[in-house]
Amino acid sequence: MGVIATSKYILEMLKIRKRYEVNDVLALNDAEIRVKQGTIHALVGENGAGKTTLMKILCGIEKKDAGEIWLNGDKVDIRNPRHSFSLGIGMVHQHFRLIDDFTVAENVVLGVEITRKFGFISLRDVILAVKRLSKDSGLMIEPSLKVRELSMGQRQKVEILKLLYRGADIIVLDEPTSVLTEQEITDLFNAVRRLKAQGKTIIFISHKLKEVMEISDEITVLRKGKTVQTGKTEELNEKEIAYAMVGEEIPLEIKTSKGLSMPKRAILHVRDLHVKDRRGLVEEVRGISFDVKAGEILGIAGVAGNGQKELVEALFGIRKASSGSVFIDGKDVTSSSIRVHRENGMAYIPDDRIGEGSCPTSSIVENIIADRYYKPVLSNRSWIDISAARRMAGTLVKEYDVRTSSIYSTIGMLSGGNIQKIIIAREFSSNPKVLIICEPTWGLDIRSTKFVYDRLMEMKINRKAILLISSNLDEILDLSDRILVIYEGEIVADFNNTAVLTKAVIGEYMMGLHLKTLRREKSTTL
Ligand SMILES: Nc1ncnc2c1ncn2[C@@H]1O[C@H](COP(=O)(O)OP(=O)(O)OP(=O)(O)O)[C@@H](O)[C@H]1O
Ligand SMILES: [Mg+2]
């Protein structure tokens with residue numbers, strides 16, 4: 001009695017064990033993390049290692065089977081998300097949880113009672129509060145925009161603002177930088193450092209070890225549900241962490257063949273494409289033209305929200321173009337349905353893999369056959385050949401190294417990285433002529449990233465025309481033969497990816513610093 005808690009840790013999670021019964025996966029097996037107050041603590045591990053599960057337990061979303069949680073030296077039994085929140089814990093999820101038709105401000109205050117007289121929320125006050133919060137944290141965003149209109153990067157900001165608005169003390173960020181541009185990451189890190197200076201504690205999950213080294217004070221490594229290493233960041237190096245994550249030596253660098261081939265025949269032709277936003281008011285794509293050749297990777301670099309999404313959706317038939325044309329191998333597919341695009345050999349991997357790329361409540365088998373169930377390999381017109389579908393799913397799961405206990409697991413039960421592998425498996429195996437791929441390695445661990453890059457190179461060697469959209473400039477530079485920069489719906493630069501091209505140069509065009517001086521390089525021979 002009268003004992004004052006003197007723990008040096010704000011949070012201790014000890015010997016946490018968790019089995020998901022639906023699929024009989026032991027997600028956590030004696031996982032541990034000890035976090036000091038006012039620090040940035042990185043939690044790393046391969047896809048499926050249990051990072052999100054551990055944090056969901058902290059947030060009261062999942063129940064642990066065994067283990068203890070201590071907060072400020074007191075043992076707590078976290079009953080549900082509301083309880084966890086009342087203890088000052090908040091989490092930004094790996095997959096966003098925003099309401100598309102609500103504005104930024106509405107999403108930020110959703111669920112928090114700031115009622116005025118008569119129990120109504122004053123929208124003006126809300127917008128003002130969000131504006132202030134946005135300014136204080138450095139996470140700038142216009143509060144009156146609808147979430148539907150936002151890029152993934154902007155949505156991420158809203159999620160973080162939401163937490164800040166609730167005033168959480170321990171803030172969990174589950175892969176917050178995945179779809180941010182370098183500038184946005186810098187902003188986020190500044191915001192995170194500001195929070196730390198205010199005494200907040202941040203748990204930061206990321207697959208990007210460079211980021212982890214840059215931002216964190218301490219690191220905990222999970223492997224297959226177990227904590228295998230923990231320590232001060234300054235006493236560890238990237239190689240050691242990678243080794244701890246995987247349990248074996250892995251090469252960190254990737255081998256690509258950019259610029260080596262000289263592709264000739266254009267497969268995808270895009271001519272003077274104009275696309276409007278969903279309300280049909282603003283032109284988001286303003287007269288874009290380019291070709292992608294067989295055996296070429298064309299990278300599109302740009303700060304998220306500059307028309308990339310509208311462009312790819314129009315290319316794949318998800319949106320209608322207001323004018324202009326799209327040809328696949330000579331066939332005009334402008335404004336045709338998605339199925340016509342697929343039948344003409346186009347495959348598409350969107351950045352939003354839960355919302356668009358997959359059906360989270362359906363099984364792996366169903367998700368894999370979603371684009372091909374009516375084709376002869378799987379169907380005789382009236383029946384789907386279930387055993388052929390199973391065989392196909394089984395082979396792809398093996399080939400793409402998807403970590404799952406069964407092909408009947410629903411996609412929503414897989415870890416983030418494994419969901420991406422399923423979508424990639426489906427789209428790559430559809431044997432397309434043209435592949436549009438957005439943020440291909442968002443959320444993937446080192447091994448899976450390398451796997452995807454190797455596969456992309458194979459696709460290239462097999463003379464596929466590949467359009468790569470990525471907010472990760474390193475990725476664009478590592479993989480692309482040619483790079484276009486998109487800014488405010490227009491192509492503002494067109495580069496051959498030669499050794500002299502730097503991130504800084506591309507970055508300047510991405511920021512619109514060379515407006516109106518369109519840069520075009522003549523094709524040069526290497
Ligand atoms: N809701 C769920 N139901 C059943 N199994 C699940 C569920 N969520 C996760 N799992 C399983 O638990 C294991 C750990 O998943 P978790 O999402 O915690 O991994 P992670 O480390 O966050 O991976 P990633 O880096 O891919 O996000 C995986 O094998 C996953 O398939
Ligand atoms: Mg996760």
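Starting from 1, residues in each chain are numbered consecutively following that chain's sequence as written. Chains and ligands are labelled sequentially in the order written, the chains with letters from A and the ligands with numbers from 1. The model is predicted, so local features are restricted to residues of pLDDT at least 70 and side-chain atom pairs to those at 80 or more, both for listing and for counting; the totals for chains, interfaces and linings are taken over all residues. Computation of side-chain values: all heavy atoms of the structure, hydrogens and water removed.

Draft legend 1. Representation of the overall build of the chain in the model. The number of helices and strands found in the chain is 17 helices and 21 strands. For each residue, the accessible area found with a 1.4 Å probe, counting protein chains only, is set against the maximum for its type, and the residue is called buried under 20%, exposed over 50%, and partly exposed in between. Buried positions account for 54% of the 526 residues belonging to the chain. Excluding contacts between residues fewer than 6 apart, the proportion of contacts in the chain whose partners are at least 24 apart in sequence is 69%. By the criteria applied, helices consist of DSSP H or I runs no shorter than four residues and strands consist of E runs no shorter than two, each listed in order from the N terminus. Should any heavy atoms of two residues lie within 4.5 Å, those residues are considered in contact.

Draft legend 2. Looking closely at a nonpolar patch on the surface. Together, Ile 99, Phe 102 and Leu 110 make up a nonpolar patch on the protein surface, roughly 210 Å² of accessible area in all. Residue placement: Leu 110 occurs in the loop between α3 (104-109) and α4 (123-137). Here, patches come from residues exposed beyond 30% relative accessible area and free of salt bridges, joined within 9 Å for like charges and within 5 Å for nonpolar side chains (Val, Leu, Ile, Met, Phe, Trp, Tyr). Calculation of accessible area relied on Shrake-Rupley with a 1.4 Å probe; when residues are assessed, cover is drawn exclusively from the protein chains displayed. Any carboxyl oxygen of Asp or Glu within 4 Å of a side-chain nitrogen of Lys or Arg constitutes a salt bridge here.

Draft legend 3. The sheet that holds strand β10 (residues 226-232), seen in detail. Ordered by their spatial adjacency, six strands build an open sheet running β6-β7-β8-β3-β9-β10, and the pairing between neighbours is mixed. Only two strands of the sheet have a single partner each, and these edge strands are β6 (89-92) and β10. Adjacent strand axes in the sheet meet at a mean angle of 15 degrees when their direction is disregarded. At least two DSSP bridges between two strands are required for those strands to pair. With four bridges connecting them, β6 and strand β7 (residues 170-174) associate as parallel partners. Its bridge partner being in β7, Gly 90 is matched across the sheet by Ile 171. In this analysis, axes come from line fits to C-alpha atoms, helices being fitted only over the stretch in contact, and the angle between any two N-to-C directions falls in the range 0 to 180 degrees. Against the sheet, helix α6 (residues 182-197) engages β3 (40-44), β7 and β8 (201-205), with an angle of about 145 degrees to β8. Along the sheet, helix α8 (residues 238-246) makes contact with β3, β9 (218-223) and β10, crossing β9 at roughly 30 degrees.

Draft legend 4. How the structure looks around the environment of Leu 163. Relative to the elements of secondary structure, Leu 163 occurs in helix α5 (residues 152-166). Residues Leu 163 and Met 91 lie 72 residues apart in sequence; the distance between their C-alpha atoms is 7.2 Å.

Draft legend 5. Local environment of the packing of aromatic side chains. Under the pairing criterion, centres of Phe, Tyr and Trp rings, with the six-membered ring standing for Trp, must be within 6.5 Å; the plane angle then separates stacked pairs below 30 degrees from edge-to-face pairs above 60, leaving the rest tilted. Applying the stated criterion across every chain, the model contains four aromatic pairs. Relative to Tyr 509, the ring of Phe 495 lies with its centre 5.6 Å away and its plane at 80 degrees, an arrangement referred to as edge-to-face. Residue Phe 495 is found in strand β20 (residues 490-496), and its partner Tyr 509 is found in helix α17 (residues 503-510); the two are separated by 14 residues along the sequence. Over the ring of Tyr 400 we find Arg 455; its NZ or CZ atom is 4.8 Å from the centre of that ring. Lysine and arginine charges are scored as sitting over a ring when NZ or CZ, respectively, is within 6 Å of the ring centre and within 35 degrees of the ring normal.

Draft legend 6. Spotlight on helix α15 (residues 446-461). One fewer than the residue count of a helix, multiplied by 1.5 Å, yields its expected span. Taking 1.5 Å as the rise per residue, α15 with 16 residues should run 22 Å; its terminal C-alpha atoms sit 23 Å apart, in good agreement. Residues of α15 that are buried: Ile 446, Ser 448, Thr 449, Val 452, Tyr 453, Arg 455, Leu 456, Met 457, Met 459 and Lys 460. The N-capping residue of α15, defined by a side-chain oxygen 3.2 Å from the backbone nitrogen of Arg 447, is Asp 445. Positive phi shows up at Arg 463, right after α15, with a value of about 65 degrees. As used in this structure description, the phrase polar contact means that two N or O atoms lie within 3.5 Å; if the pair is within protein, one of them must be able to donate a hydrogen and the other to accept it, and residues adjacent in sequence are counted only when both atoms belong to side chains.

Draft legend 7. Region of the structure containing the site of ligand 1. Near ligand 1 there are 21 residues, and of these Gly 48, Lys 51, Thr 52, Thr 53 and Gln 94 occur at the shortest range. In the model, an oxygen atom of ligand 1 is placed 3.2 Å from a nitrogen or oxygen of the Ala 49 main chain. Residue Met 413 places a main-chain N or O atom 3.0 Å away from a nitrogen atom belonging to ligand 1. Contact with the protein chains hides 91% of the accessible area of ligand 1, taken as 640 Å² for the molecule alone. Note on definitions. A residue lies near a molecule or strand when any single heavy atom of the residue is within 4 Å of it.

Draft legend 8. Looking closely at the environment of Leu 161. By secondary structure assignment, the location of Leu 161 is in helix α5. With relative accessibility at 0%, the residue Leu 161 sits in the buried group. Distance in space between the C-alpha atoms of Leu 161 and Val 130 is 7.8 Å, their sequence separation being 31 residues. Every residue in contact with Leu 161, bar those within four places of it in the chain, is listed here: Val 108, Leu 133, Ser 134, Ser 137, Leu 139 and Ile 141.

Draft legend 9. Focus on the pattern of salt bridges. If you walk through the whole model with that rule in mind, you get 31 salt bridges. Its salt-bridge partner being Lys 75, residue Glu 68 comes within 3.6 Å of it at the nearest N-O pair. Because the salt bridges share partners, they merge into one network encompassing Lys 309, Glu 313, Arg 319 and Asp 351.

Draft legend 10. Representation of the packing of helix α14 (residues 416-428) against α15 within the structure. Where α14 contacts α15, the axes come no closer than 12 Å and their chain directions differ by 10 degrees. Here α14 lies roughly parallel to α15, going by the angle between them. On α15, the residues that touch Lys 421, Ile 424 and Phe 428 of α14 are Ser 448, Val 452, Arg 455, Leu 456 and Met 459. Here the angle decides the label: under 35 degrees means roughly parallel, over 145 means roughly antiparallel, 65 to 115 means roughly perpendicular, and every other value means oblique.

Draft legend 11. Geometry of the pairing of strand β14 (residues 323-328). Two elements, strand β11 (residues 266-276) and β14, share five bridges in a ladder whose sense is antiparallel. Within β14, the residue paired with Arg 271 across the bridge is Ser 325. Bridging between β14 and strand β15 (residues 331-332) involves two bridges; their strand directions are antiparallel. Bridge pairing links Phe 327 to Asp 332 in β15. Where β14 folds back onto β15 in an antiparallel hairpin, the turn is made up of two residues, including Asp 329, whose phi is positive at roughly 50 degrees.

Draft legend 12. How the structure looks around the nonpolar core. Counting residues in hydrophobic clusters, the biggest one holds 48 residues, and the most contacted among them are Phe 428, Leu 435 and Ile 506. The dominant element in this core, judged by the number of residues it contributes, is α14, at six residues. Summarising the domain contributions, this core has at least three residues from each of domain 2 (253-345 + 432-526) and domain 3 (359-429). We call a set of buried Ala, Val, Leu, Ile, Met, Phe, Trp, Tyr and Cys residues a nonpolar core when their side-chain atoms join them within 4.5 Å. In terms of nonpolar packing, the next biggest core, distinct from the first, is built from 45 residues, Leu 133, Ile 141, Val 147 and Ile 219 among them. Delimitation of the domains relies on an automatic or database domain assignment.

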